[in-house]
Amino acid sequence: SQISAYFESLLPSIRKALSDELADVRTAASKTFDYLYRAVGARAIDATLPPLIEQMGDSDPVRSDLALQAVRQMLLVRSHQILPVILPKMLEVPVTEFNAGILGSIVEASGDGINTYVSEIVSALIKTAFQLKATITEAERSPFVAALSRITNALDAVGLRTALADYFKLLVDNNPLLRSCVLSLVGDYAIHGLKSNGYLELLPDMITSSMRSFHDA
């Protein structure tokens, strides 16, 4: 195709526009990226995504945030193709506080593409926050718990069922701090999920599973 013929010459402009300060420019660039993907396939991701992932870790918070916004725009159009590239590194245990901080933003932009990875995300964050070290302070746990809360409230009905099933299993864990955290996450959804699809269907399981957690092993 014509786009394929000009692939290399288009890349610098698309990369720059994806991380532009103006949201309209980023949106237009994501549409161009989508056209490029249709023309050349995975080459478009391989040539565009790695520099943005690197820029997300930039010490300059403005450059870091613009790269994150660029990735969000790409996820809006190609989440099923981009998530397998970006998530493995982000979910390496222990998850860094930085990666925990941007996972919520990524989930919010991923639509149903994230549903395949929900259990992996929950597991990685729970292990980092509760299970890797003998002692971890509340302040150290806080970023990971906040990420879990944001992610839970960003999921669609299918992803939410998976997350809640994982949480229900953790409600009988021997660690009372973990049970307390998971209860808070379930309760947070119970408060904010009133308008969500399937809320009433999930409510009995939320109540029953929560009641089981009121014990100390």
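Residues numbered from 1 in each chain as written. Predicted model: local features only at pLDDT ≥ 70, side-chain atom pairs only at ≥ 80, totals over all residues. Heavy atoms only, no water.

Draft legend 1. How the structure looks around the overall build of the chain. For the chain, the helix and strand inventory stands at eleven helices and zero strands. Order of helices (α) and strands (β) in the chain, N terminus to C terminus: α-α-α-α-α-α-α-α-α-α-α. Each of the 217 residues in the chain was classed as buried or not, and the buried ones make up 45%. Across the chain, contacts joining residues at least 24 apart in sequence account for 66% of those joining residues at least 6 apart. Carbon together with sulfur atoms contributes 55% to the accessible area of the chain, which is approximately 11200 Å² in total. (Helix = DSSP H or I, 4+ residues; strand = E, 2+ residues; numbered from the N terminus. Buried < 20%, exposed > 50% of the residue type's maximum accessible area, 1.4 Å probe, protein only. Contact = heavy atoms within 4.5 Å. Areas by Shrake-Rupley, 256 points an atom, 1.4 Å probe, with all protein chains shown as cover.)

Draft legend 2. The side chain of Asn115, seen in detail. Examined against the element boundaries, Asn115 turns out to sit in the loop between helix 6 (97–110) and helix 7 (118–131). Asn115 gets classed as buried once you look at its relative accessible area, which sits at 15%. Within the local environment of Asn115, its side chain forms a polar contact with the side chain of Asp156, the two groups lying 3.2 Å apart. Residues within four places of Asn115 in sequence aside, it is in contact with Asp156, Val158 and Gly159. (Polar contact = N/O pair within 3.5 Å; in protein donor to acceptor, adjacent residues only side chain to side chain.)

Draft legend 3. Representation of unusual backbone geometry within the structure. Along the chain, Val93 connects to Pro94 via a cis peptide bond; the corresponding omega equals 5 degrees. Inspection of the secondary structure puts Pro94 in the loop between helix 5 (61–90) and helix 6.

Draft legend 4. Structural view of the confidence of the model for the chain. Mean pLDDT for the chain: 85, with 84% of residues reaching 70 or above. At the level of individual helices and strands, the chain shows its lowest average pLDDT in helix 11 (residues 199–212), which scores 58, and its highest in helix 5, which scores 94. (pLDDT = per-residue confidence, 0-100.)

Draft legend 5. Quick peek at the environment of Asp112. Its location among the elements puts Asp112 in the loop between helix 6 and helix 7. Of the residues examined, Asp112 reaches a relative accessible area of 46% and is grouped as partly exposed. Taking the C-alpha atoms as reference points, Asp112 and Gly159, 47 residues apart in sequence, are found 7.5 Å from one another. Once residues lying within four places of it in the same chain are set aside, the contact partners of Asp112 are His80 and Asp156.

Draft legend 6. Region of the structure containing the pattern of salt bridges. As enumerated under the stated definition, the model contains six salt bridges in all. The partner of Lys89 in a salt bridge is Glu92, with the nearest N and O atoms 3.7 Å apart. The salt bridge partner of Arg150 is Glu108, with a shortest N-O separation of 2.9 Å. With Arg150 in helix 8 (residues 138–154) and Glu108 in helix 6, this pair connects stretches of sequence that are 42 residues apart. Given a relative accessible area of 38%, Glu108 falls into the partly exposed group. (Salt bridge = Lys/Arg side-chain N within 4 Å of Asp/Glu carboxyl O.)

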